[in-house]
Structures are given as C-alpha cells and as structure tokens.
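# Coordinate inspection notes
In case you want the letters, here they are:
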Amino acid sequence: MEISGSGSGVIVPAEIKELHDYGIAKIFPPDDGHELGLQVMINHMIRETDYPTP
C-alpha cells in the first residue's frame, strides 16, 4: 500500500527516515513544498498510486 504525506515542518528529518524505514512510501519535508510546489507533489502521489482496477 502506498502512503504519502507532508511533514509541514512538524516531522523532523530523523522521523521522516524512521517512517520511510517503517514502510511509508514518501513523506514530503517542508522544503519540498517550497522547491517542488504542490502540483509536483500531487502528481507524484497520483503517479505512484495509479493502478488499473480489476
């Protein structure tokens, strides 16, 4: 299962690493919002979770 989220300044880098190690697919740190923009992050999540339905 794909789980993604945004840290929004609350989740520190060590916690992001721990979440990734635990199996969370992607946590976007606050800098990603500034550097990538919301649309790029949304596109990433859609691309990673777009599977054909049976």
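Here the structure is a predicted model, which is why all the values come from computation and not from measurement.

Calculation notes
Residues numbered from 1 in each chain as written. Predicted model: local features only at pLDDT ≥ 70, side-chain atom pairs only at ≥ 80, totals over all residues. Heavy atoms only, no water. Buried < 20%, exposed > 50% of the residue type's maximum accessible area, 1.4 Å probe, protein only. Helix = DSSP H or I, 4+ residues; strand = E, 2+ residues; numbered from the N terminus. Contact = heavy atoms within 4.5 Å. Salt bridge = Lys/Arg side-chain N within 4 Å of Asp/Glu carboxyl O.

Next up on the list: helix α1 (residues 13-22). With one of ten residues buried, α1 lies mostly on the surface of the structure. Count one or two residues on from α1 and you reach Gly23, which has phi positive near 120°.

Turning to its location among the elements, Asp32 is positioned in helix α2 (residues 30-35). Judged by its relative accessible area of 14%, Asp32 falls in the buried class. Setting aside chain neighbours within four positions, we find Asp32 in contact with Lys26, Gly37 and Met41.

This part covers the pattern of salt bridges. Tallying each qualifying case throughout the model produces two salt bridges. Across the salt bridge formed by Lys26 and Asp32, the nearest N and O atoms sit 3.9 Å from each other.

With respect to the helices and strands, the residue His44 is situated in helix α3 (residues 38-49). According to the relative accessible area criterion, His44 is buried, its value standing at 18%. The residues touching His44, leaving out its near neighbours within four places in the chain, are Lys26 and Phe28.

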